[in-house]
Amino acid sequence: MDSGISYQRFPKIKIRSMRDDYMKFELRDTDPSMANALRRIMISEVPTIAIDLVEIEVNSTVLNDEFIAHRLGLIPLVSDRAMEMRFSRDCDACDGDGQCTYCSVEFQLSVRCDEDQTVDVTSADLISSDLMVVPVDVALAAARSEGFDSAENKGIIIVKLRRGQELRLRAIARKGIGKDHAKWSPAATVTYMYEPDIHINEDMMESLTLEEKQDWIESSPTKVFDIDPNTQQVKVYDAEAYTYDDEVIKKAEAMGKPGLVEITAREDSFIFTVESTGAVKASQIVINAIEVLKQKLDAVRLSEDTVEADDQFGELGAHMRGGWSCL
C-alpha cells in the first residue's frame, strides 16, 4: 500500500516518439487508476472547438438541412486557443448569437453551381472570422503551401452540387468537450497497455531442440520471441508485441515444459499511444489532459477543505448556541 501511495505522488512520463498527430509515451511509477483517468480525460474532457450552430439561408442540394449541419459539426477545426476560450454557457459577454470573440467563431459558406460539371462543396469553402480557427485540412494545406486542386487534396467534402443548386449558410463554432458530443473529442484513439515483464527459463529452454524452439516461438500470434542466429538461444525480440493471449504458455505446457516462460504485467508501468484528429497536437492533448486533471484534483481538495471548515464551524455554532441558551 505504501508503494502505491508513492507511485501516485511521483508519476513519470518518458516520450518514445512524437509527431503532430501521434504520440507514444511511457507512464511509470503510478497505478491503473491514474492511467485510466488520464486516458478518459484525453478522450472526453480536453476541450476543442467545433461547429455547434448552423443557420442555413439557402439549401437546394440533395441533402437536408440537418444532414448538412451534422456533417459540418464533424469537421475538425484547429483548436489551439480552445483552453483560453469560454464555454458559451458560461460567457457573460454575449447572448449566444455568435457575435462574441470570447466564446464563438463565425463561419460563412456560399457556393452555387452554374456549370454542367458537378461542384464539390468542401471544408475549404468555409470562411472563418478567426484565422486561428480554420478546418484542420485547410491549415495543413496552407502550412505545406499546397492547394486543393489535386484529387487527393481537395478538402473534406460536405455536399456535391449540380447546375442550379446552391448552399448558403452561417455557422457558429463553440468550445466543448467530448463528454457532451463526440465532435469535440480531440483524439481519434487513446490506448494504453500494461508493460509486460517476460522471463525465460534458460535451463529449460536449452533442453529443447532447435525445431522445438522454433515451434514454440511460432505459437505466438505476434513476433515476441526470436532465435539468435549465432548462439541459437531464444531471446525476447519485442516484449510490447505480446498481447496477453497466453499462447506461448499453453504451448510450453503442451510440450511438457510448464514454467518455460513467465509473463507478468507490470502494474506500475503503462505504454500509451495517442492519435489526434488534428484539432490539437497529440503532445498538447497530453499536456491539456494533465492540466484538466490538476483542476479536478484542486476542485476535490477545495471541496474537502470546505466540508472540513463547515464541520468545524458547525461545532463552533453548536457551542455558541448552547452558550446563548444558558443566558
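Engineer: I keep staring at a nonpolar patch on the surface and nothing clicks. Help me out?
Structural biologist: A contiguous nonpolar patch, built from Ile13, Ile15, Met18 and Ile290 and spanning about 340 Å² of accessible area, is present on the exposed surface. Residue contributions to the nonpolar patch peak at 3 residues, all from strand E1 (residues 12-18). Inspection of the secondary structure assignment puts isoleucine 15 in strand E1. Given the relative accessible area of 44%, isoleucine 15 is considered partly exposed.

Engineer: Just checking my understanding: could you explain the layout of surface pockets for this structure?
Structural biologist: The rolling of a water-molecule-sized probe over the atoms marks out the regions of remaining empty space. When its volume is computed, the largest pocket comes out at roughly 320 Å³. Looking at the largest pocket, it is lined by 15 residues, and the ones nearest its centre are Asp20, Val136, Leu140, Gly278 and Lys281. When residues in the lining of the largest pocket are grouped by element, the largest group, 4 residues, is from helix H4 (residues 136-143). Classifying every residue of the lining of the largest pocket by side-chain character gives 7 nonpolar, 3 polar and 5 charged. Taken as a whole, the second largest pocket encloses approximately 200 Å³ of empty space. Lining the second largest pocket are 10 residues, and of these Pro11, Met34, Leu38, Ile290 and Leu293 sit closest to its centre. Take the lining of the second largest pocket: its biggest share by element is 4 residues, from helix H8 (residues 282-326).

Engineer: Help me out: how do you make sense of the sheet that holds strand E9 (residues 187-200) in this one?
Structural biologist: Strands pair in a sheet through their backbones, by hydrogen bonds, and they do so in one of two ways: parallel or antiparallel. Read from one edge to the other, the open sheet built from 4 strands follows the order E1-E2-E12-E9, with strand pairing classed as antiparallel. Lying at the two open borders of the sheet, with one neighbouring strand each, are E1 and E9. With direction set aside, neighbouring strand axes in the sheet form an average angle of 30 degrees. In the sheet, E9 pairs with strand E12 (residues 261-276) via 13 bridges, with the strands oriented antiparallel. The residue of E12 that forms the bridge with tyrosine 194 is phenylalanine 270.

Cut-offs used in this document
- Residues numbered from 1 in each chain as written.
- Predicted model: local features only at pLDDT ≥ 70, side-chain atom pairs only at ≥ 80, totals over all residues.
- Heavy atoms only, no water.
- Patch = residues over 30% accessible without salt bridge, like charges linked within 9 Å, V, L, I, M, F, W, Y side chains within 5 Å.
- Areas by Shrake-Rupley, 256 points an atom, 1.4 Å probe, with all protein chains shown as cover.
- Salt bridge = Lys/Arg side-chain N within 4 Å of Asp/Glu carboxyl O.
- Helix = DSSP H or I, 4+ residues; strand = E, 2+ residues; numbered from the N terminus.
- Buried < 20%, exposed > 50% of the residue type's maximum accessible area, 1.4 Å probe, protein only.
- 1 Å grid on protein atoms, 1.4 Å probe; cavity = no way out; pocket = protein on both sides within 12 Å on 5 of 7 lines; lining within 4 Å.
- Points joined across faces, edges and corners; volume = space filled by probe spheres on them.
- Nonpolar A, V, L, I, M, F, W, Y, C, P; charged D, E, K, R; others polar.
- Pairing = 2+ DSSP bridges.
- Axes fitted to C-alpha atoms, helices over the stretch in contact; angles between N-to-C directions.

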